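Letter by letter, the chains look like this.
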Amino acid sequence: MRKYNVAVVGATGAVGEEFYRLFEEYNFPINKLVPLASKNSVGKEIECNKKYIKVQELTEDIFEKEDIEIAFFSAGGSVSEKFAKFAVDAGAVVIDNTSHFRMQSDIPLVVPEVNPEDIKLWRESGIIANPNCSTIQMVQSLKALENIYPIKRVDVSTYQATSGAGKAGMEELVRQMQDFFSFKLDESEHKAFMHQIALNVIPQIDIPQPNDYTKEEMKMVNETRKILHKDIEVSATCVRVPVLRSHSESITVTFEEGVNVDVNKVREAFSNFENLEVMDNLADGVYPMPVISTDTDLTYVGRIRKDNFQDNILHFWNVADQVRVGAATNALRIAQKWIEMEEV
């Protein structure tokens, strides 16, 4: 396998740092790694494959100068909006972790286990979009179900970790918990979140939309439909919880009329689906939790049960590390599939 010149935009952020671990773990074929960030981070060093590499400034000409072939963007939508085109013009494929390009009709939105064929559309724009973290883990399980029963509607409530707000979110939770044990929680500042996050849950992630859903909730609605290529009904309630890493989701799936859900068949479908793992033994306290999924590349499903009143409704619980599965790992899997397709 040939090796590639790879750039990571957002080199010092939480997702950027995760990429370096994944490059090592997956033995990603890198010829040259170029970490890129704003002027403030220039000169800092990142570690990858036992080498220390200095962060360079993100500029319009850096991609051409460094002959970049694969560019991972994880530095916010405004950065992607401004700089992705320069990477594309330099001949690179851009794999973008922000929300900026996701719903553009000419840009594929990809979860490799679900719609890998869409990667081939990258040539239209030079860009492949990485979905929202909560969407990724949900559509993996929905695709497994769609393989056995036609889905009509999905209702989901998320329990999203503070790492969804980056390093600042995690640090705020830790700081507030320290203040709690020092009897100073009333004095503790909250900047990453609208309200205190320690010992609390916040039923709002992102800004309100005209329909009284939040932007985060509508991302799940619209992205799910685009990825699955199906106009299913989706409703989401997204909640921030005082957990450091890994998002949890309570998912209710309504199948088409006439479906009689067989829970054993559902478990088998989940078990046979790539990168899903079933943990489902309520009597023994076996089910997915953030402490299990954190630092893994699997999406875990459990609490699988048929509705008490309607035969065509299924309920289950879904947990994944959103820094990895919901961001860096999904992007890396996209790149791996892209390489496979390009080298055929």
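Before reading on, note that the structure itself is shown above.
Read on for an overview of the structure. (Residues numbered from 1 in each chain as written. Predicted model: local features only at pLDDT ≥ 70, side-chain atom pairs only at ≥ 80, totals over all residues. Heavy atoms only, no water.)

Here's the deal with unusual backbone geometry
Of note in the backbone geometry, K50 takes a positive phi value of approximately 65° without being a glycine. By the element assignment, K50 lies in the loop between strand 3 (45-48) and strand 4 (51-54). Phi at R303 is positive, roughly 50°, even though this residue is not glycine. Within the secondary structure, R303 sits in strand 13 (residues 299-306). What makes R303 partly exposed here is its relative accessible area of 29%. (Helix = DSSP H or I, 4+ residues; strand = E, 2+ residues; numbered from the N terminus. Buried < 20%, exposed > 50% of the residue type's maximum accessible area, 1.4 Å probe, protein only.)

Here we look at helix 5 (residues 166-181)
Along its 16 residues, helix 5 runs 24 Å from first to last C-alpha, staying within 8% of the 22 Å computed at 1.5 Å per residue. Residues of helix 5 that are buried: G169, M170, E172, L173, Q176 and D179. In the segment just after helix 5, F183 is the residue with positive phi, at about 60°. (Expected span 1.5 Å × (residues − 1).)

Considerations on a nonpolar patch on the surface
The grouping of F180, F181 and L199 at the surface amounts to a nonpolar patch, some 330 Å² of accessible area in total. Assignment of secondary structure puts L199 in the loop between helix 5 and helix 6 (215-228). Taking relative accessible area as the criterion, L199 reaches 52% and is therefore assigned exposed. (Patch = residues over 30% accessible without salt bridge, like charges linked within 9 Å, V, L, I, M, F, W, Y side chains within 5 Å. Areas by Shrake-Rupley, 256 points an atom, 1.4 Å probe, with all protein chains shown as cover. Salt bridge = Lys/Arg side-chain N within 4 Å of Asp/Glu carboxyl O.)

Topic: the pattern of salt bridges
On inspection of all chains with the given rule, the structure shows 24 salt bridges. Across the salt bridge formed by K219 and E216, the nearest N and O atoms sit 3.9 Å from each other. Here E216 and K219 lie together in helix 6, a separation of three residues that amounts to about one turn. The exposure class assigned to K219 is buried, which follows from its relative accessible area of 17%. Of the charged contacts, one joins R225 and D231 as a salt bridge, the two residues approaching to 3.7 Å between their closest N and O atoms. Overall, the relative accessible area of 30% leaves R225 in the partly exposed class. The class for D231 is exposed, based on a relative accessible area of 66%. One network of salt bridges, with partners in common, ties together E18, R21, E25, R245, D295, D297, D321 and R324.

Comments concerning the packing of helix 4 (residues 133-146) against helix 9 (residues 324-342)
Between helix 4 and helix 9, whose axes approach to 8 Å, the crossing angle comes to 70°. Taken together, the axes of helix 4 and helix 9 are roughly perpendicular relative to one another. Of helix 9, the residues touching helix 4 (which contributes C133, I136 and Q140) are V325, G326, A327, N330 and R333. Classifying every residue of the contact of helix 4 with helix 9 by side-chain character gives four nonpolar, three polar and one charged. (Axes fitted to C-alpha atoms, helices over the stretch in contact; angles between N-to-C directions. Parallel < 35°, antiparallel > 145°, perpendicular 65-115°, else oblique. Contact = heavy atoms within 4.5 Å. Nonpolar A, V, L, I, M, F, W, Y, C, P; charged D, E, K, R; others polar.)

Thoughts on the environment of P131
Position of P131 among the secondary structure elements: in the loop between strand 8 (127-129) and helix 4. When its relative accessible area of 1% is taken as the criterion, P131 is described as buried. Once the C-alpha coordinates of P131 and V221 are considered, the two residues, 90 residues apart in sequence, prove to be 11 Å apart. Once you skip the residues sitting within four places of it in the chain, P131 turns out to touch R102, L109, V110, V111, I136, E223, I227, G326 and N330.

Quick word on the sheet that holds strand 6 (residues 70-73)
Spatially, the six strands line up as an open sheet ordered 5-2-1-6-7-8, and their pairing is parallel. With partners counted over all chains shown, the strands left at the sheet margins are strand 5 (56-57) and strand 8, one partner each. As paired elements, strand 1 (residues 4-9) and strand 2 (residues 30-37) share six bridges and run parallel to each other. In the strand pairing of strand 2, V9 is matched with L36. Its contacts with the sheet put helix 3 (residues 77-89) on strand 1, strand 6, strand 7 (93-96) and strand 8, and the angle it makes with strand 6 is roughly 180°. Lying on the sheet, helix 9 is in contact with strand 1, strand 6, strand 7 and strand 8; it crosses strand 6 at an angle near 160°. (Pairing = 2+ DSSP bridges.)

With respect to helix 3
Relative to the 18 Å expected for 13 residues at 1.5 Å per residue, helix 3 spans 19 Å between its end C-alpha atoms, a close match to the ideal helical length. Approximately 40° is the largest bend angle found in helix 3, and it occurs at F83. All of the buried residues in helix 3 are V79, S80, F83, A84 and A87. Among the structural elements, strand 1, helix 2 (62-65), strand 6, strand 7 and strand 8 are those in contact with the buried residues of helix 3. (Bend = angle between axes of the 7 residues up to and from the residue.)

Some points on the packing of helix 1 (residues 14-25) against helix 9
Relative to each other, helix 1 and helix 9 sit at 50°, their axes nearing to 10 Å. Regarding the angle of helix 1 to helix 9, the classification is oblique. Two packed elements cross with a definite hand, and for helix 1 against helix 9 that hand is right-handed. Packed against helix 1, whose contacting residues are V15, E18, F19, R21, L22, F23 and E25, the element helix 9 presents R324, A327, A328, T329, A331 and L332 at the interface. Of the residues assigned to the contact of helix 1 with helix 9, the class counts are eight nonpolar, one polar and four charged. (Left-handed = near helix turned anticlockwise from the far one by under 90°.)

Shape descriptors only; they carry no functional weight alone.
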